[in-house]
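# Report on the structure
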Amino acid sequence: MSLNKVILIGNVGKDPETRMFDNNSSVSRFSLATSERYKDKQGNVQENTEWHNIVCWRGLSEIVDKYVKKGNRLYIEGKIRTNSWVDKNTNEKKYSTDIIADNVIILDRVSSETRASSSNSSTDFSHYNNPSNKKEEAKNSDFGSDNDSVIDDLPF
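First things first, this report covers the structure right here in the doc. If you're wondering where the values come from, they're calculated on a predicted model, not measured in any experiment. (Residues numbered from 1 in each chain as written. Predicted model: local features only at pLDDT ≥ 70, side-chain atom pairs only at ≥ 80, totals over all residues. Heavy atoms only, no water.)

### Topic: the side chain of Ser61
Note on placement: Ser61 falls in helix H1 (residues 58-67). At 3.0 Å, the side chain of Ser61 and the side chain of Ser26 are in polar contact. Each residue touching Ser61, except ones within four places of it in the same chain, is listed here: Thr18, Ser26, Val27, Ser28 and Cys56. (Helix = DSSP H or I, 4+ residues; strand = E, 2+ residues; numbered from the N terminus. Polar contact = N/O pair within 3.5 Å; in protein donor to acceptor, adjacent residues only side chain to side chain. Contact = heavy atoms within 4.5 Å.)

This is how it looks when you write it as structure tokens:
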């Protein structure tokens, strides 16, 4: 038995790029930055930022395209997928590692447009990736905090 599960909390690096297909499905891609801070041997604070390629399919793609913007703070659950191909120009084998999102939660305060349908400080759009779930409005997730930064309440 094995498990391929990724959980990320980070900031969107660029607006999602969405492509529509002939069968009315879509895919959205964007980058997500996660940062780690630590002190080096001299006691200076260092920051290491890792960039992740995020891929969202179908209904989740449409919602991400509509609501996610550069700078948003997101919680993402998904799986790692590595693709390989041969570069036509150099004949070298190339690799790309993506996070295929199954669940996206916007951790920022919702905009006034979204607030009309939600009073919570975060919005969970995971059910849009499930083709059997045809709901037209997003379910909401409440972390029980009125603070601007939900992350500060996490125990780790």
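### Observations regarding the pattern of salt bridges
According to the stated counting rule, one finds four salt bridges in the structure shown. Residues Asp98 and Arg29 are paired through a salt bridge, measuring 3.7 Å at the closest nitrogen-oxygen approach. One end of the pair, Asp98, is in strand S6 (residues 93-106); the other, Arg29, is in strand S3 (residues 26-39), with 69 residues separating them in the sequence. Judged by its relative accessible area of 39%, Arg29 is partly exposed. (Salt bridge = Lys/Arg side-chain N within 4 Å of Asp/Glu carboxyl O. Buried < 20%, exposed > 50% of the residue type's maximum accessible area, 1.4 Å probe, protein only.)

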